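As a plain string of letters, each chain reads:
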Amino acid sequence: MYHRIDFSHEDITIDELARRVKSNHPDADIDLLKRAYEFAELHHRPQKRSSGEPYIIHPLNVAATLIKLQMDLESIIGGLLHDVVEDCDVSEDEILEKFGRGIADIVIGCTKISKIKFKTKEESQAENFRKMVVAMAKDIRVIIVKLADRMHNMLTLQYVSKEKQVKKAQETLDIYVPLASRLGINSVKSELEDLCLRFLHPETYYRLAEKVSMKKHEREEYIKDCVLLVKDKFLEYAVKADVYGRPKHFYSIYKKMNNREVDFEQIQDLLAFRVIVDNITECYKCLGIIHSSFTPIPGRFKDYIAIPKVNGYQSLHTTVIGPKAERIEIQIRTYEMHEVAETGVAAHWKYKEGGGSSGAKQLNKLKWVEELMEYDRDIQKSSEFMDVVKNDLDAEGIFVFTPSGDVRELRYGAGPLDFAYAVHTQVGHTCVGAKVNGKMVSLKHKLKSGDTVEILTSKSQTPNKDWVKLVKTSKARTKIKQYLLKVDREKNLEIGTEILEKSLKEYNSSFKVLEKKNEFKKVLDSLNLKTIEELCLSIGSKRVNIKKVLELLPSIDYVEEDESKKKIDTLFNKVAGAAKKSAHKDNAVIVDGLDDIVVRMGKCCNPIPGDPITGFITRGRGITIHTMKCERVRQSDDLRKVDVAWNSAYSFRHAVAIRVITHDRPGILSRITNNINAQGVNIKGAIAKSLPDLKGSFLFEVEVKDYSEFLKVISIIEAMEEVISANRA
Ligand code: MN
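Residues numbered from 1 in each chain as written. Predicted model: local features only at pLDDT ≥ 70, side-chain atom pairs only at ≥ 80, totals over all residues. Heavy atoms only, no water.

**Student:** With reference to specific residues and values, describe the overall build of the chain.
**Tutor:** Across its full length, the chain carries 31 helices and 21 strands. Each of the 729 residues in the chain was classed as buried or not, and the buried ones make up 50%. For the chain, the proportion of contacts with a sequence separation of at least 24, taken over those separated by at least 6, is 67%. Taken as a whole, the chain presents about 37600 Å² of accessible surface, with 50% of it coming from carbon and sulfur. (Helix = DSSP H or I, 4+ residues; strand = E, 2+ residues; numbered from the N terminus. Buried < 20%, exposed > 50% of the residue type's maximum accessible area, 1.4 Å probe, protein only. Contact = heavy atoms within 4.5 Å. Areas by Shrake-Rupley, 256 points an atom, 1.4 Å probe, with all protein chains shown as cover.)

Put into structure tokens, the structure is as follows:
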């Protein structure tokens, strides 16, 4: 019963189908099922499959697969009817009228997907994938019916041309396998993978099949021995478990061969064993027994019970050296986990007869579907969307925790930035560092499964080009690139506009005058641009030479001679240079709309980069910066306030005071001082005081470069055993 689901093609009749539905769902409306069959049979009657069989055998097999996946009656009937609209000119309305909304929606969804023409060009494939995701978000049952449909087509692929075999198999591997995997329907995923291998790499497939069948008898004996041996061990500890073994799926062996670049002869672990028990405690007990009875292979133990995969999969995985020194892989799980592993989201419909659509609504909330929909809006180019989907679907992820205990899945090799962007785009943009399991790490740090990650942000932080190389997830990469493009564009637009304006002024002309005379049209036409904004952008980014523009303007008397050439060159360098300089100004704070203004830090609150701040115009003294929390801010009148922001290019040091309360222990002051110094942070001063109750109070003045360094210092002090509290004074 707990063996693989057998999806093979069957010569099944409607009566047998009805019998199986009834045994799964005793109250099911068998009349409706039979009516659907008769309807489908009637309309498909003139058609034949490539195998020569009557066409109806296909919908019957699709329905049978859906029963094996424990799907609800609407899906099973949807399976019987899935081709009638597409192949038999039956109208959507007729299905709706005869079989109701739920079934009609499934059939309509399947028809829509069938009409998608898959092309070899990645661009259009991506577009199709996008449509599939959209269709699925409406009702995931559509995709499950589609998977059952594809399964039967793959099982009978030997009857079509070689060319079609390869095309269908590749499409299945690219589109349907990742979908089955994400929906957690592992039984379908593995079967489809093996079928793809058979048609895409026949030699490999048949060599593996040969290798497995060659020693078939020997292998079966070995499996039997292993099962008995393991069961015996369990008995010793009074654990009741179902244990069985099987050869692994070919595709997983094939993948291992490719990954590790090993040969057929070197392939060792061909066998997988499953241990199924009643509850989670027993799972870990069994693991303990197995690890103490056989030698486990280091690095192969994975705990998907504590940290389930995103698709809901749970199990303990381990590889041990079994009898005769053969490596065997063992998966340990409960009966419930097993059902989820085999049927994934499909399991949700099992006891929900008639409640399918509410199940679908619930599943709409599946996180990754939501994320895909978000990409759908964000990303214009289909090929990019395809990359995103492929990247994120295939990768073996890691699982990390937020400080509040939520689990996030990230790609292997992901770092704090990936995590920050997974939380929120704005968190990503302003990320300055992270605490992993309470310790400060750099942005280059690689996260591991089980890490707890707290992101530190600073308002003055912005993404830069290096980040693109640091991140591993497509979401983070896309967001950073979008940000950089936007910033680049704005800067170039500004520079270009200023250069054009100033150049025109040199010739006693202006935008307004030339626009009135409609002179820009000629310029735009001959440069193949659409708007004046585009023109300015092109000038700013040096794609178009300003001299060329001046030449093209009829009322500007520009001649390429030394005098005017020099004049324009100087102008260009001045504007571009100024723009560069303003970005790296040696000012800690950028003041909105004001150039070269004197800025000083308020003595009262002593802001450091990262603090939320505001500025005050002080008569004769420029602008004073205060933290938003400062008393002065609350007391002062709004008229004198100006918007200010931290300049991320600025790197001076700021003094900040930290008050530390400790238990009064000998040598405590020097220990704190050493710990701060060890961070490369300079201490400008320290005041110590004894408090009642044997407590000590210290006031440190330290120099930090920004808020994240300040947090680092605080966290280092807080981590000391004797310290009761550490806060900004
Ligand atoms: Mn079909």
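After that view of the structure, there is still more to cover.
**Student:** Lay out the coordination of the manganese ion in plain terms, naming residues and giving numbers.
**Tutor:** Of the protein atoms, only His58 (NE2), His82 (NE2), Asp83 (OD) and Asp149 (OD) coordinate the manganese ion, at distances of 2.2 to 2.4 Å. The motif formed by the donor residues of the manganese ion, counted along the single chain, is H-x23-H-D-x65-D. On the criterion of sequence distance, the pair formed by His58 in helix α3 (residues 57-68) and Asp83 in the loop between α4 (73-81) and α5 (84-88) is long-range, its members being 25 residues apart. Residue His58 shares its accessibility class with Asp83, and that shared class is buried. (Donors = N, O, S within 2.8 Å, 3.2 Å for Na, K, Ca; no water.)

**Student:** Provide a residue-level description of the environment of Ile330, including the pertinent values.
**Tutor:** Here Ile330 is to be found in strand β6 (residues 327-334). Judged by relative accessible area, Ile330 falls into the buried class, the value being 2%. Considered as a pair, Ile330 and Phe301 are 29 residues apart in the sequence and their alpha carbons are 9.6 Å apart. Non-local contacts of Ile330, meaning those with residues more than four positions away in its chain, are made with Phe273, Val275, Ile290, Leu316, His317, Thr318 and Val320.

**Student:** I'd like to hear about the side chain of His44, residue by residue, with values.
**Tutor:** Considering the arrangement of structural elements, one finds His44 in helix α2 (residues 30-44). Given the relative accessible area of 1%, His44 is considered buried. The contact partners of His44, leaving out residues within four places of it in the chain, are Tyr55, Pro59, Asp83, Val84, Asp87 and Cys88.

**Student:** Give me the pattern of salt bridges: which residues, what numbers.
**Tutor:** The tally for this structure, following the rule as stated, stands at 22 salt bridges. Between Glu329 and Lys248 there is a salt bridge, with the nearest N and O atoms lying 3.0 Å from each other. Here Lys248 lies in the loop between β1 (242-247) and α14 (250-260) and Glu329 lies in strand β6, a separation of 81 residues in the sequence. An identical accessibility class is assigned to Glu329 and Lys248; each is buried. (Salt bridge = Lys/Arg side-chain N within 4 Å of Asp/Glu carboxyl O.)

**Student:** Break down the nonpolar core for me, with residues and values.
**Tutor:** Formed by 79 residues in total, the largest nonpolar core has its most connected members in Leu17, Leu33, Leu81, Ile95, Leu147 and Val188. Top element by residues in this core is helix α9 (residues 140-155). It accounts for ten residues. When residues are assigned to domains, this core turns out to be shared by domain 1 (14-198) and domain 2 (211-353), each giving three or more. Once residues within four sequence positions are removed from consideration, Ile95 is found in contact with Phe39, Val84, Val85, Val90, Gly100, Ala104 and Val107. The next biggest cluster of nonpolar side chains, apart from the first, holds 28 residues, and it includes Ile495, Leu527, Cys536 and Val575. (Core = buried A, V, L, I, M, F, W, Y, C linked by side-chain atoms within 4.5 Å. Domains from an automatic or database assignment.)

**Student:** Outline the packing of helix α1 (residues 14-24) against α2, listing residues and values.
**Tutor:** Angle between the axes and distance between the axes are the two parameters that describe a pair of packed helices. For the pair α1 and α2, interaxial distance at closest approach is 10 Å and the crossing angle is 150 degrees. What the angle tells us is that α1 and α2 run roughly antiparallel. Considering the relative orientation of α1 and α2, their crossing is right-handed. Across the interface between the two elements, Ile14, Asp15, Leu17, Ala18, Val21 and Lys22 of α1 pack against Ile30, Leu33, Lys34 and Tyr37 of α2. Grouping the constituent residues of the contact of α1 with α2 by class yields seven nonpolar, no polar and three charged. (Axes fitted to C-alpha atoms, helices over the stretch in contact; angles between N-to-C directions. Parallel < 35°, antiparallel > 145°, perpendicular 65-115°, else oblique. Left-handed = near helix turned anticlockwise from the far one by under 90°. Nonpolar A, V, L, I, M, F, W, Y, C, P; charged D, E, K, R; others polar.)

**Student:** Tell me what's going on with the side chain of Glu722, and back it up with residues and numbers.
**Tutor:** Inspection of the secondary structure assignment puts Glu722 in the loop between α31 (707-718) and β21 (723-728). Glu722 sits in the buried class, given a relative accessible area of 11%. A polar side-chain atom of Glu722 sits 2.6 Å from a polar atom in the side chain of Arg671. In contact with Glu722, not counting residues within four places along its chain, are Thr662, His663, Arg665, Ile668 and Arg671. (Polar contact = N/O pair within 3.5 Å; in protein donor to acceptor, adjacent residues only side chain to side chain.)

**Student:** Residues and numbers for the sheet that holds strand β19 (residues 682-691), please.
**Tutor:** Strand order in the open sheet formed by four strands is β19-β20-β18-β21, with antiparallel pairing between adjacent strands. Both outer strands of the open sheet, β19 and β21, are each paired with one neighbouring strand and no more. Taken over all neighbouring pairs, the strand axes of this sheet differ in orientation by 20 degrees on average, direction set aside. Relative to strand β20 (residues 695-704), strand β18 (residues 654-663) runs antiparallel, the two sharing ten bridges. From the neighbouring strand, Ala655 faces β20, where its bridge partner is Glu703. Seen against the sheet, helix α30 (residues 668-677) touches β18, β19 and β20 and runs at an angle of roughly 20 degrees to β20. Across the sheet, α31 touches β18, β20 and β21, and the angle it forms with β21 is around 165 degrees. (Pairing = 2+ DSSP bridges.)

**Student:** Account for the packing of helix α20 (residues 416-423) against helix α23 (residues 474-506), naming residues and giving values.
**Tutor:** Put simply, α20 and α23 touch, their axes get as near as 8 Å, and they point 80 degrees apart. On the basis of their axis angle, the class for α20 and α23 is roughly perpendicular. Counted together, Leu417, Asp418, Tyr421 and Ala422 of α20 and Lys475, Ala476, Lys479 and Ile480 of α23 form the full contact between these two elements. Its residues assigned to classes, the contact of α20 with α23 comprises five nonpolar, no polar and three charged.

**Student:** Please set out unusual backbone geometry residue by residue, giving values where relevant.
**Tutor:** One non-glycine residue, Ala238, lies in the positive phi region at around 60 degrees. Following the sequence through the fold, Ala238 ends up in the loop between α13 (216-236) and β1.

**Student:** Just give me the short version of the confidence of the model for the chain, but keep the residues and values in it.
**Tutor:** Residues at a pLDDT of 70 or more form 80% of the chain, whose mean pLDDT is 79. The secondary structure element of the chain with the lowest average pLDDT is helix α17 (residues 356-364), at 38, and the one with the highest is α3, at 96. Counting interchain partners and residues more than four positions distant, the pLDDT-below-50 stretch residues 120-125 has eleven contacts. For residues 351-366, every residue scores under 50 in pLDDT, and the model assigns this stretch 24 contacts once sequence neighbours within four places are set aside. (pLDDT = per-residue confidence, 0-100.)

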